[in-house]
Amino acid sequence: MNVLMRWGIPTLVVVACVGYLIYSASGGASEYYLTVSELQSHATAGDVRVAGIVADDVQKSDGGFHVTFTEKDNTASMPVDYTGTLPDIFRPGITVVAEGKLGADGVFHATTLLTKCPSRFSTTPYTQ
Amino acid sequence: MIIGYLGAGALLAGLVMGGFSAVLSFWSGWRGNVVMVQVGRRAFYAATAMVVLAGVLLEVGLLTHDFSLAYVTEHTDLSTPTALVASGFYGGQEGSLLYWALILGLLGSGSLVASAALGERLAAYAAGVLASILSFFLIVLVLVASPFDLLSITPPDGLGLNPVLRDGGMLIHPPVVLAGFASFAIPFSFAAAALLAGRTDAAWIAHTRRFALVAWSLQSAGLVLGMWWAYHVLGWGGYWGWDPVENVALMPWLATTAYLHSSQVQEKRGRLRTWNFSLVILAFLLVVFGTFIVRSGVVPSVHTFAVSAIGPWFLGFLFACIVFSAVLLSLRSSSFVDAREAAPIVSREGAFVMQNLLLVGAIAVVMWGTILPLVSGMLGAERVVAAPYYERAAAPIFAALLALMAAGPLLPWRRMGPSTLRALRWPGAAALVTLVVMLAGGARSVPALVAFALAAAAAATSITVYGRAVAASGGDWSRLARRLVTKRRRYGAYLAHIGLVVLAAGIAGSHLWQQEKEVTLAPGGSVTVAGYTLTYTGSRERQLPDHTELVAAMRFGDSTLEPSRATYAGLGGQSLTRVAISTTPVADVYVVLAGTNPDGSASFQVFVNPLVTWIWAGGAIIILGVVLGNVGERRAAAAPARRRVPVPVPG
Amino acid sequence: MAIIVATLLLFAAGPFILWPLIKTPPEEPAGR
């Protein structure tokens, strides 16, 4: 009883603070994580992350700081425009997650490109 | 081919021995049959030997380029350098599971050998839990993810290792982190055994703490190595991305940090046993959870995880561990009657409880960010969070922990008095001086001011501890030396605290004050970032056996930085960054070559990262402190006579 | 094949594992 009274309040305070921190931090900072087809069917305001495959039409310019390409999945595709340093792995055929906004012009303006580390844990078997 | 059969056979034998050990150990512990306890333990040793044999066989298969093994074919080729071939052992799914089992078996065996002082029943239950965990891994290795699967036709060459992974960091970072993960099973097993046997005395505390410290040290090293590797190799200018893979390595470390401190309260006053058991168990559950997340592909991560067959197995194992732990804790913790009453909140014990609460809070923050995609995906649209979430939510918690580090060690175990306030003047003064200096220097960012002031305070407190030692030995060096050696656990711990403060300062500086510029320069052109000027002097191409290198030269003061890009023929023109870094204790100048252009200009990304070296230095100091503090501690805690630990409840 | 290897290994390890049983005489006071 003694312990509960002595420690109950500080514990509640800490829990409340942590809860508040989590709530307030995630409210503004979370984004939708979509596939290309999902984004095209549900126009979303705000920044989103879109996962897809890089198509063959990669065009680099501006010393490698600007690139346009098409990101696609099984059913849909969309043009992407990105300014910034390209991740090393970036090339046609890889999975990429583009973070940014879909513009009114139908082009996705990406502020960040995330590529995946080459597989260490994938179980893609050797096909003979 | 033979290796395939021998290896599979060894794993199968290991599984049988492990299962036998688990069943027999639990039974003999329950019945108190000493002879059978020893048999059960030997079965665990034998199972470990089988895993070692399998490991040796896999390594031989790798080094002899035995492409009849699917695993060898998938992860190496004839042109891969030998060191990287050898590291292929833990580089893939199946091999890393085998490595995990290997560490578990070896550390587990060591812990059982050292457990003689604990009594046969406790040792038996611990062996039972260890054997159960090992058997789970062996089940997965035998049935689902065998490193010894054979190909029906042996190819002439393998698939090789992706160039991004061809780096020295690959040799060191993964095995340390994997070993860290596996090692959390040891304290868990002893905690579970103590709950089963109803024993929580001094010998058990010392034994469990020792292995928790091993796990914590391995994980600390793994985390810092991972940060170092990400910073030096990946070329994005940072060292931590809050990716799920990183988060799951961090969480058990946070729980064990809490445990290592909180267990002192149990040692000194016999209190907080429920906390301690819960923290040790939580650390292991987080490891299993992390392994599930990382290998199942259920949350998006920059580390590729194909949705693999072993996901459901680990989910099932996680569920079993949670149920087992929950039942044990709820049944037994009611027997933890704290003989002593709780200390006031503002006391050493109070500080430890606050620390527990804050670290669990930090775990909750990281956990929420990690599973948000999973939870939100199940309830509707999938959402993710990025670094800003973690920073906003976790930074205040870490700041509060720094404040605890500054005040806690100076608080008495029981009542506060005037001498406490006097002692607190040192960290208080350090914080004040730091604030004044920073404000005078023009710093206005609140996070920076808070972080450095608290870091200075925490450092001052740790130094005060050493200062008291010097004062107490009255200027006699040999007395001081003897004191430091006899009480090395204490002084080593405060050295580790200093290391953590240095590391925290490094993170604060490099994070809050980083500057970055993207620029395209013609030869002769210059760029200035944060007062550092670099001049592009030209680039050249170099042809090496398996790749071509594009090297740019940037003159920086008296030296030349050479960021480059390496293009590997077989990879469709993809080129890899080799970062050029100029390091001083004050800041790193970090240059990435984005590419060259037809008109002769080159594009760069230049970062100035202040205080990054403090991160690596801090990490080294932490490890030094832990090692020095615990070297040669043979006997279960040299017991000061005054300690009164409540009589253990008979099992 | 793997099963054969496993069986052989089990037989090889048997004596090591069962040693405490083998070396104690059959009549043994109940362990505690």
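Check the entry above for the structure.
All of these numbers come straight from a predicted model, not from anything done at the bench. (Residues numbered from 1 in each chain as written. Chains lettered and ligands numbered in written order. Predicted model: local features only at pLDDT ≥ 70, side-chain atom pairs only at ≥ 80, totals over all residues.)

A.B. asks: In this structure, what is going on with the overall build of chain A? I would like to understand it.
C.D. replies: A tally of helices and strands in chain A yields two helices and seven strands. Its helices and strands taken in sequence order, chain A reads α-β-α-β-β-β-β-β-β from the N to the C terminus. Among the 128 residues that make up chain A, the fraction classed as buried is 31%. A fraction of 41% describes how many contacts in chain A between residues 6 or more apart in sequence connect residues 24 or more apart. (Helix = DSSP H or I, 4+ residues; strand = E, 2+ residues; numbered from the N terminus. Buried ≥ 20, exposed ≤ 12 C-beta atoms within 10 Å, placed from the backbone. Contact = placed C-beta atoms within 7 Å.)

A.B. asks: How should helix α1 (residues 2-23) of chain C be read in this particular structure?
C.D. replies: Note that an α-helix has 3.6 residues per turn; residues three or four places apart therefore point the same way. The end-to-end C-alpha distance of α1(C), which contains 22 residues, comes to 31 Å, matching closely the 32 Å that a straight helix rising 1.5 Å per residue would cover. Approximately 50° is the largest bend angle found in α1(C), and it occurs at Ile17(C), with the proline Pro20(C) only one to four residues beyond. In this structure, the buried side of α1(C) is in contact with α1 (2-31) and α2 (34-63) of chain B. (Expected span 1.5 Å × (residues − 1). Bend = angle between axes of the 7 residues up to and from the residue.)

A.B. asks: What am I meant to see in unusual backbone geometry here?
C.D. replies: All names here are of chain B. Despite not being glycine, Trp242 shows a phi value in the positive range, around 55°. Tracing the chain through its elements places Trp242 in the loop between α9 (202-234) and α10 (244-269). Looking at Trp242, the number of C-beta atoms within 10 Å reads 18, which means it is partly exposed. Despite not being glycine, Leu272 has its phi angle at roughly 65°, a positive value. Relative to the helices and strands, Leu272 resides in the loop between α10 and α11 (273-296).

A.B. asks: Explain the pairing of strand β5 (residues 547-556) of chain B to me, please; I cannot follow it from the model alone.
C.D. replies: Two faces make up the sheet, and in a regular strand the side chains alternate between them. All names here are of chain B. Where strand β4 (residues 532-543) lies against β5, eight bridges are found, and the strand directions are antiparallel. Each bridged residue has a counterpart across the sheet, and for Gln543 the counterpart in β5 is Thr548. Connecting β4 to the next strand, β5, in antiparallel fashion are three residues. Of the strand pairs in this sheet, β5 and strand β7 (residues 564-568) are connected by five bridges, and their pairing is antiparallel. When the bridges of β7 are listed, Val551 appears paired with Ser564. Taken together, the three bridges between β5 and strand β6 (residues 559-561) define a ladder with antiparallel strand orientation. Across the sheet, residue Phe556 finds its bridge partner in β6, namely Ser559. Once β5 ends, the chain turns through two residues before running back antiparallel as β6, passing Gly557 with a positive phi of about 65°. (Pairing = 2+ DSSP bridges.)

A.B. asks: Even after reading the chapter, I still don't get helix α16 (residues 425-440) of chain B, so can you show me in this structure?
C.D. replies: Residue and element names in this part refer to chain B. Between its terminal C-alpha atoms α16 stretches 22 Å, which fits the 22 Å expected from 16 residues at 1.5 Å a residue. Residues of α16 that are buried include every one of Pro427, Ala430, Ala431 and Thr434, and no others. Burial along α16 is one-sided: seen end-on, the buried residues are contained in an arc of 95°. Residues of α16 that are exposed and point over 90 degrees away from its buried face: Val436, Leu439 and Ala440. (Arc of directions from axis to C-beta.)

A.B. asks: Would you explain the packing of α1(B) against α1(C) in this entry?
C.D. replies: Each packed pair of helices is defined by two parameters, the angle between the axes and the distance between the axes. Two elements in contact, α1(B) and α1(C), have axes separated by 7 Å at closest approach and are oriented at 50°. The orientation of α1(B) relative to α1(C) falls into the category oblique. Our pair here, α1(B) against α1(C), has a crossing hand that is right-handed. On α1(C), the residues that touch Tyr5(B), Leu6(B), Ala8(B), Gly9(B), Ala10(B), Leu12(B), Ala13(B), Val16(B) and Met17(B) of α1(B) are Ala2(C), Ile3(C), Val5(C), Ala6(C), Leu9(C), Leu10(C) and Ala13(C). (Axes fitted to C-alpha atoms, helices over the stretch in contact; angles between N-to-C directions. Parallel < 35°, antiparallel > 145°, perpendicular 65-115°, else oblique. Left-handed = near helix turned anticlockwise from the far one by under 90°.)

A.B. asks: Hey, could you run me through the interface of chain C and chain B in this one?
C.D. replies: Often, the extent of an interface is quoted as the loss of accessible area upon association of its parts. In this complex, chain C contributes 18 residues to the contact, which on the side of chain B involves 19 residues. Partitioning the side of chain C that touches chain B into residue classes produces 14 nonpolar, two polar and two charged. (Nonpolar A, V, L, I, M, F, W, Y, C, P; charged D, E, K, R; others polar.)

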